[in-house]
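Overview (structure and organization)
Take a look at the letters that make up each chain.
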Amino acid sequence: MNRLIAAAIGTLLLVVATTGAQVQGVKAVPRPPAQPPGPPNPANGSTAPDGYAPRPQWPNQTHAPTPQVITEYAVETVAEGLSGAFCFSFLPDSRIIVGERAGRIKIVAKDGRVSPPIEGLPASLWTRGQGLFEVRPDIAFSANRAIYLTYTVLPEGADPATLPRYPGVLVVASAILAKDDRRLDDLKVLLNAEGTGGRLIQAKDGTLLVTSTIPAGLGINSNDWPQPQQLDSNMGKVLRINRDGSIPKDNPFVGRTGANPEIYALGFRDVQGVAIEPRTGRLWTSEHGPRGGDEINRVEKGRNYGFPVIGYGREYTGKPINGDKTAEAGMEQPVYFWTPDIAPGGIAFYTGKLFPEWRDNLFVSALAARALVRLVLKGDRVVGEQRLLTELNTRIRGVAEGPDGALYVLTDGNNGKIVRLVPRK
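What you are looking at is a predicted structure, and each value in this text was computed from that prediction instead of being measured. (Residues numbered from 1 in each chain as written. Predicted model: local features only at pLDDT ≥ 70, side-chain atom pairs only at ≥ 80, totals over all residues. Heavy atoms only, no water.)

1. Section: the pairing of strand 10 (residues 208-212)
Applied cut-off: Each residue is placed in one exposure class: buried if its accessible area under a 1.4 Å probe, protein chains only, is under 20% of its type's maximum, exposed if it is over 50%, and partly exposed if it falls in between. Here a helix means four or more residues in a row that DSSP labels H or I, a strand means two or more in a row labelled E, and each is numbered from the N terminus. Here, any two strands with at least 2 DSSP bridges between them count as paired.
A large share of strand 10 lies buried, amounting to five of its five residues. Burial along strand 10 is two-sided: the face carrying Leu-208, Val-210 and Ser-212 and the face carrying Leu-209 and Thr-211 are both buried. The pairing of strand 9 (residues 200-202) with strand 10 spans three bridges and is classified as antiparallel. In the sheet register, Gln-202 faces strand 10, and the bridge partner there is Leu-208. Examined bridge by bridge, strand 10 and strand 11 (residues 237-241) share five bridges and lie antiparallel to one another. The residue of strand 11 that forms the bridge with Leu-209 is Arg-240.

2. Here we look at the sheet that holds strand 16 (residues 294-299)
Put simply, the test is: Helix axes use the C-alpha atoms of the stretch in contact, all axes being lines fitted to C-alpha atoms, and the angles between their N-to-C directions lie in the range 0 to 180 degrees.
In spatial order, the strands read 13-14-16-18; together these four strands make up an open sheet with antiparallel pairing. Two strands in the sheet have a free side with no partner beyond their single neighbour: strand 13 (271-276) and strand 18 (336-338). With strand direction ignored, the average angle separating the axes of adjacent strands in the sheet is 15°. Relative to strand 16, strand 14 (residues 283-287) runs antiparallel, the two being bridged by five bridges. Among the inter-strand pairings, Trp-284 is bridged to a residue of strand 16, identified as Arg-298.

3. A short note on the nonpolar core
The condition is simple: Side-chain atoms within 4.5 Å link the members of a nonpolar core, which is a set of buried Ala, Val, Leu, Ile, Met, Phe, Trp, Tyr and Cys residues. In this analysis, two residues are considered to be in contact whenever any of their non-hydrogen atoms come within 4.5 Å of each other.
Ranked by size, the top nonpolar core spans 25 residues in total, and within it Ile-105, Val-135, Leu-149, Tyr-151 and Leu-184 carry the most contacts. Breaking this core down by element, the ones donating at least two residues are strand 4 (104-108), strand 5 (132-137), strand 6 (146-153), strand 7 (169-177) and strand 8 (184-192). For this core, the leading source of residues is strand 7, giving five residues. Contact partners of Leu-184, with chain neighbours within four places excluded, come to Ile-105, Ile-118, Glu-119, Gly-120, Leu-121, Leu-149, Ala-175, Ile-176 and Leu-177. Ranked by size, the runner-up nonpolar core spans 19 residues in total, among them Phe-86, Ala-193, Leu-208 and Ile-263.

4. Side note on the environment of Ala-400
If you trace the backbone, Ala-400 turns up in strand 23 (residues 396-401). Among all residues touching Ala-400, those that are not within four sequence positions of it are Phe-88, Phe-90, Ala-348, Ala-406, Leu-407 and Tyr-408.

5. A closer look at the packing of aromatic side chains
Selection rule: Only rings of Phe, Tyr and Trp enter the pairing, Trp through its six-membered ring, and a pair is recorded when the two centres are within 6.5 Å. The plane angle decides the type: under 30 degrees is stacked, over 60 is edge-to-face, the rest tilted.
Throughout the structure, instances matching the rule amount to twelve aromatic pairs. Each ring, one from Tyr-312 and one from Phe-337, has its centre 3.9 Å from the other, and the planes form 15°; the classification is stacked. Of this pair, Tyr-312 sits in the loop between strand 16 and strand 17 (313-314) while Phe-337 sits in strand 18, and the two are 25 residues apart along the sequence. Overall, the relative accessible area of 1% leaves Tyr-312 in the buried class.

6. Focus: unusual backbone geometry
For the bond from Phe-307 to Pro-308, the omega torsion is -5°, close enough to zero to count as cis. Position of Pro-308 among the secondary structure elements: in the loop between strand 16 and strand 17. The residue Glu-194 is not glycine, and still its phi comes out positive at about 75°. Residue placement: Glu-194 occurs in the loop between strand 8 and strand 9. Residue classification places Glu-194 among the buried positions, given a relative accessible area of 15%. Of note in this structure, Asn-322 is not a glycine but carries a positive phi near 55°. Among the secondary structure elements, Asn-322 is positioned in the loop between strand 17 and strand 18. Exposure remark for Asn-322: the relative accessible area of 37% places this residue in the partly exposed category.

7. Some words on the environment of Phe-86
Looking at the secondary structure, you find Phe-86 in strand 2 (residues 85-90). On the accessibility criterion, Phe-86 (3% relative accessible area) is buried. Between the C-alpha atom of Phe-86 and that of Arg-397, which follows or precedes it by 311 residues, the distance is 6.5 Å. If we ignore the near neighbours within four places in the chain, the residues touching Phe-86 are Gly-99, Glu-100, Arg-101, Leu-132, Phe-133, Arg-199, Gln-272, Arg-397 and Leu-410.

8. Remarks on the confidence of the model for the chain
Formally: In predicted models, pLDDT denotes the confidence assigned by the predictor to each residue on a 0 to 100 scale.
Looking at the chain as a whole, its pLDDT mean stands at 94, while 94% of the residues score no less than 70. Low pLDDT, under 50, characterises residues 1-23; the stretch is placed with four contacts to residues that sit more than four places away or in other chains.

9. Focus on the sheet that holds strand 8
Spatially, the four strands line up as an open sheet ordered 5-6-7-8, and their pairing is antiparallel. Across the chains shown, the open sheet's two edge strands, defined by having one partner strand only, are strand 5 and strand 8. Across the sheet, the mean angle from the axis of one strand to that of its neighbour is 20°, orientation sign disregarded. The sheet contact formed by strand 5 and strand 6 spans five bridges and is antiparallel.

Written out as structure tokens, the structure reads:
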């Protein structure tokens with residue numbers, strides 16, 4: 001009996017220790033050296049357009065014409081006073097849950113009131129230049145109140161005095177939102193995604209699709225970061241896991257020697273937006289290129305999306321990436337690209353009834369372009385591009401269709417707003 005008790009206690013301690021390690025222990029992954037103090041070094045380059053204009057692989061892969069049908073809309077403010085908001089999603093009761101990069105989760109009531117920050121996020125969340133990237137309710141939230149998160153933490157043994165650039169490591173976690181909406185309980189880290197940032201969305205089958213970026217920015221050369229092409233690294237990938245963090249048996253690289261089984265697709269640089277196409281259930285992404293080469297991709301299992309072997313941008317210094325190669329056998333083309341770049345953020349398909357002309361269009365929030373970009377699709381090809389909300393002259397961070405059929409848009413910055421687009425009367 002004593003041996004049984006001892007064994008049970010030992011098992012319990014092992015579970016507790018393992019759980020603690022899951023939450024706290026994240027291994028270090030490659031990072032660029034810290035930036036020197038002071039203003040940016042001009043030798044590191046610029047984000048300014050430089051006249052580079054790569055040829056598309058087919059007509060309208062870039063610079064598609066303005067759609068023939070232009071719909072008038074009105075803009076209504078839903079909520080304001082957000083600070084560094086990065087993502088938002090609708091709860092089943094039509095309230096909006098918002099994530100702010102500095103590590104705050106808030107709920108916007110139906111009357112527009114913004115709640116105080118929800119408690120329960122880990123104290124180890126690293127927010128300086130990184131932070132909280134995704135807050136997404138489970139598709140069965142009404143029954144289980146589960147929330148999925150992506151955020152960055154410092155790796156084990158990190159010395160705060162000698163941190164590299166982008167020291168935070170992206171993790172994927174789940175939690176339960178308390179019934180009073182005031183705190184997160186039962187926080188569990190599901191996956192070390194390794195990247196500097198990343199988004200998450202839930203597929204129709206309940207699995208979680210997670211993006212993981214490589215370090216990117218002025219002074220960082222794409223050719224120095226081959227991880228998007230390496231199957232033993234999670235950086236530069238779309239990853240796929242089950243709700244509990246386990247690996248789906250039908251992932252494309254399960255069982256392959258030297259490949260991480262959570263990898264779903266590879267060859268990405270810096271995905272900033274994710275959406276599930278209602279018509280097909282496929283994942284679509286928006287991606288920041290370096291100096292130009294922003295992309296929209298339709299992501300399929302096991303496919304390679306090329307970076308840094310192919311792309312439609314150049315290094316921040318203006319130098320070509322891999323000889324300006326834009327196509328390679330066995331690598332996928334973007335559905336659409338922008339050079340010069342627009343800095344795309346969140347994306348969403350529209351299926352509502354308020355704007356019949358917009359049905360099945362893809363909407364792309366744009367930071368540098370200060371617009372909401374409407375892409376008219378015919379099958380998997382873009383046939384038209386229109387820029388909306390330019391009258392606001394503000395950086396657009398996110399977009400989503402609301403339960404009422406309106407299009408909701410999140411603005412960036414320290415006085416961020418959620419606005420909605422409705423038909424002009």
